[in-house]
Protein chains: 2
Amino acid sequence: MDRLRATYRVRAGAGEIERRAEALAVEQSVEMPPGAVRDARVADEVIGRVEEVAADGDGHFRVTLGLALETTGFEAGQLMNMLFGNCSLQPEVELVDVDLPEPALARFGGPRFGIVGLRALAGAEHRPLTCSALKPQGSSPEALAALAGALAAGGIDLIKDDHGLADQAAAPFARRVEAVQRAIDAANRAGGGRCVYAPSLTGGPRRLHEQLRIAREAGVGMLMLAPMVSGLGALQELAEEAGLPILAHPALGGAARIAPPALIGKLFRLAGADAVIYPNHGGRFSYGPHTCRAIAGAAREPWGPLRAALPVPAGGMTPQRVEEMVDFYGRDVMLLIGGALLEADDPTAAARDFVRRVHTLGEAR
Amino acid sequence: MDRLRATYRVRAGAGEIERRAEALAVEQSVEMPPGAVRDARVADEVIGRVEEVAADGDGHFRVTLGLALETTGFEAGQLMNMLFGNCSLQPEVELVDVDLPEPALARFGGPRFGIVGLRALAGAEHRPLTCSALKPQGSSPEALAALAGALAAGGIDLIKDDHGLADQAAAPFARRVEAVQRAIDAANRAGGGRCVYAPSLTGGPRRLHEQLRIAREAGVGMLMLAPMVSGLGALQELAEEAGLPILAHPALGGAARIAPPALIGKLFRLAGADAVIYPNHGGRFSYGPHTCRAIAGAAREPWGPLRAALPVPAGGMTPQRVEEMVDFYGRDVMLLIGGALLEADDPTAAARDFVRRVHTLGEAR
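Conventions used here
- Residues numbered from 1 in each chain as written.
- Chains lettered and ligands numbered in written order.
- Predicted model: local features only at pLDDT ≥ 70, side-chain atom pairs only at ≥ 80, totals over all residues.
- Heavy atoms only, no water.
- Helix = DSSP H or I, 4+ residues; strand = E, 2+ residues; numbered from the N terminus.
- Rg over C-alpha atoms; globule rule 2.2 N^0.38 Å.
- Contact = heavy atoms within 4.5 Å.
- Least-squares fit on C-alpha atoms with pLDDT ≥ 70 in both.
- Domains from an automatic or database assignment.
- Buried area = accessible area lost by both parts, 1.4 Å probe.
- Salt bridge = Lys/Arg side-chain N within 4 Å of Asp/Glu carboxyl O.
- Nonpolar A, V, L, I, M, F, W, Y, C, P; charged D, E, K, R; others polar.
- Polar contact = N/O pair within 3.5 Å; in protein donor to acceptor, adjacent residues only side chain to side chain.
- Pairing = 2+ DSSP bridges.
- Axes fitted to C-alpha atoms, helices over the stretch in contact; angles between N-to-C directions.
- Buried < 20%, exposed > 50% of the residue type's maximum accessible area, 1.4 Å probe, protein only.
- Right-handed = clockwise from strand over helix to strand, strands pointing away.

Draft legend 1. A look at the overall build of chain A. Helix and strand counts for chain A stand at 15 helices and 12 strands. Relative to a compact globule of 365 residues, whose C-alpha radius of gyration would be 21 Å, chain A shows 22 Å and is just as compact. When its C-alpha atoms are laid out on the principal axes, chain A stretches across 70 × 40 × 35 Å. Counting contacts in chain A only where the partners sit at least 6 residues apart, residues at least 24 apart contribute 74% of the total.

Draft legend 2. Representation of the relation of the copies chain B and chain A. Overlaying chain B with chain A gives an RMSD of 0.0 Å, the required rotation being 180 degrees about an axis along which the chain moves by 0.0 Å. Seen this way, the second copy is the image of the first under a two-fold rotation axis. Minimal C-alpha distance to the rotation axis in chain B is attained by Pro205(B), lying at 2.1 Å. Most of the interface of chain B is mirrored in chain A: 100% of its interface residues are interface residues there too.

Draft legend 3. Seen up close, the domain arrangement of chain A. Residues and elements named next belong to chain A. Along its sequence, chain A is carved into domain 1 (3–108) and domain 2 (114–364). For domain 1 and domain 2, the distance between their C-alpha centres works out to 33 Å. Across the boundary between the two partners, domain 1 contributes 25 residues, which contact 18 residues of domain 2. Summed over both sides, the interface between domain 1 and domain 2 buries roughly 1,700 Å², with carbon and sulfur atoms accounting for 64% of that surface. A salt bridge links Lys266 to Asp99; the nearest nitrogen and oxygen atoms lie 3.3 Å apart. Breaking the side of domain 1 that touches domain 2 down by element, the ones donating at least two residues are α3 (76–84), β4 (93–99) and α4 (102–108). Counting residues per element, the side of domain 1 that touches domain 2 draws most heavily on β4, at seven residues. Taken together, the residues that form the side of domain 1 that touches domain 2 break down as 16 nonpolar, three polar and six charged.

Draft legend 4. Layout of the interface of chain B and chain A. Each partner contributes to the interface: chain B provides 77 residues, whereas chain A provides 77 residues. Contact between chain B and chain A buries roughly 6,100 Å² in total, counting both sides, with carbon and sulfur atoms accounting for 54%. If you sort the residues of chain B by the area they bury against chain A, Leu89(B), Gln137(B) and Leu252(B) come out on top, with a joint share of 11%. In this assembly, chain B and chain A are joined by 12 salt bridges. Between Arg207(B) and Glu240(A) there is a salt bridge, with its nearest N and O atoms 3.1 Å apart. Counting across the interface, chain B meets chain A through 36 residue pairs in polar contact (both at pLDDT 80 or more). When its residues are assigned to classes, the side of chain B that touches chain A shows 31 nonpolar, 28 polar and 18 charged.

Draft legend 5. Spotlight on the sheet that holds strand β8 (residues 223–225) of chain B. Residues and elements named next belong to chain B. The four strands lie next to each other as β8-β9-β10-β11, forming an open sheet whose pairing is parallel. Every other strand in the sheet has two partners, leaving β8 and β11 (310–314) as the edge strands with one partner each. For this sheet, the mean inter-axis angle between neighbouring strands, taken without regard to orientation, is 25 degrees. Two strands pair when backbone bridges link them, and strand β10 (residues 275–279) and β11 are joined in this way by five bridges, in the parallel orientation. Across the sheet, Pro279 pairs through a bridge with Ala314, a residue of β11. Strand contacts of helix α10 (residues 232–241): β8 and β9 (246–248), with the helix running at about 165 degrees to β8, the strand carrying the most contacts.

Draft legend 6. Structural detail: helix α5 (residues 114–122) of chain A. Residue and element names in this part refer to chain A. Residues Gly114, Ile115, Gly117, Leu118, Arg119 and Ala122 constitute the buried set of α5. The inward-facing, buried residues of α5 abut β5 (129–134), β10 (275–279), α12 (289–300) and β11 (310–314). Just downstream of α5 lies Gly123, where phi reads positive at about 65 degrees.

Draft legend 7. Layout of the side chain of Lys135(A). Along the polypeptide, Lys135(A) turns up in the loop between β5 and α6 (141–153). Here the side chain of Lys135(A) touches Glu31(B) through a polar contact of 2.6 Å, landing on its backbone oxygen. Excluding its chain neighbours within four sequence positions, the residues that come into contact with Lys135(A) are Leu144(A), Leu147(A), Asp162(A), Gly339(A), Leu342(A), Val30(B), Glu31(B) and Met32(B).

Draft legend 8. View of the pairing of strand β5 (residues 129–134) of chain B. Residue and element names in this part refer to chain B. The buried fraction of β5 amounts to six of the six residues, a majority that puts the element mostly inside the structure. Bridge count between β5 and strand β6 (residues 158–161): four bridges; the pairing is parallel. Its bridge partner lying in β6, Leu134 is registered against Asp161. Tracing the backbone out of β5, into helix α6 (residues 141–153) and back to the parallel element β6 gives a crossover that is right-handed.

Structural data, given as structure tokens:
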């Protein structure tokens, strides 16, 4: 129970890999010459250990370290620091996986609502959920609210802020969130729907807290956060304190050197994300089907006591892809279509078509 | 004044680069098909613009975008989001530089103390400053305090927490910070020194605020933060609110796809760092002399109204390198030596030797 396992892919020659792995174990723990560690407990229990080294293709090795759990303080930002803080600056090192003993999982917390909670919120037991986004940034609160109302009238389950919306002069957070929530409430009353709004929280500690207060007062049903911009620690605290489900956005996730399933599927989930957005294959981003399936797997597979997080593949998706995406991911998924609905002359009709496709599939299977 | 310039290095064929650059401008702004943007103001003023495309070596181009400043809300986390949020997920894109018009610089804030303020704090007008680190993580507060006292007695200007120290069971933040500050105060009284302590703040909003309160009550003279772990927004707010100089640590900076001078030299400074740690050449990390010089340059060169930030090259440095490092960086630098002092049988004597070398050089030139 006292160590987590962090797996790295390291570029190194066969003659140097043992030494390189030992150096990595030191870098990601005491960060000083081990011979100079005079405290026997620290030497025994805190210095990172090389647990496994295996060849992993031409000139590369897979190195598994045992890192002392106590060094994380069970705080998600510090976990990230111990996993990849310094070695992120060493281009020959990639973080590919992380595993924590079960008691540690519970201490980090994980999703508070999870797939089951999100399904209850949407009133959808079996079918995939639907999601769209408010765009473009630069629009007035009134314009964004009108769009939200139109999408809600089309039957979308979740409407989220575009990740580019923050607290900007064109649509200050408070005015935007109040106006959008009012428009969605009105559409729900008119159509008997239960559309939920997730505004994007941004900024440092003071701004985040203030935005959380405003969002709660406005009565939003969910929150969005980009954990790599705001810090995994902010995600963890939001999950502890907000009492609302959280949608994680991958901005700045630049997962080139952290394997996307480890970052988006595992670490975001561990820190409390109930749903995780990621770039689906065949869109504007480069992840392939294999990576996408692995992210979805990491987000929703059984993982000790942690609730499952809902995968949200996105990034240039269209209603025409609904059937293929549900074939690929199954029904425990939220399909996010933004721009393609906004391009339509009638966003409500476009949303309704998207929703109809999803509901039909959800019932059929 | 209404746009910032963000420069990217993009891998693309010559036949597709114009289209790719346009797509990048959309991705980093409205993130929807431009044809579907119906608000004329948004189309004119908010959609990103391609300002320049130039060949940049085999199969690569340098693309400069003009991004609307209003989209940042003048919040540092959101600035990062607009610069590299989504395109961090596109491996063919690197962020290489950023420039903001002068009035925008002042709105982000920059260092509140800067090199001049740090020199005043240390009582050192011309010479390089000296810094060491408290290690290893896992040690008790008493052990870390004893080490701090020993280093302070040796005449070190700044003693910082190892970046692996957080709020952990072996040395909880409050007990550690109080004990270390007391030990440094005692050493200062005994030896007439003015050594300053910079504890590392970690965690989400609540934990950060609580740690700031504890650090202030303990009377620390500086703070350390890893902005890529905690969020650039947290750095910006700390600079606004703490009333203490801030040392930025590059953990998770994984600058492989953000040019280190842009990230560590410019963005950390812009968000308020008074001093910036980075891996010096010839140590445990891979930055070369050219990169290191560029980071130091970006941190301390004139930049509109912003104060200069102090470069802190580190990562496996030794007292034997003092002369060479001062030759390389000049005197506006803080030399950080951690492990090499801790390896010595007598850390006070080792610190004194390091300090003597620096002071001698500082006076000689």
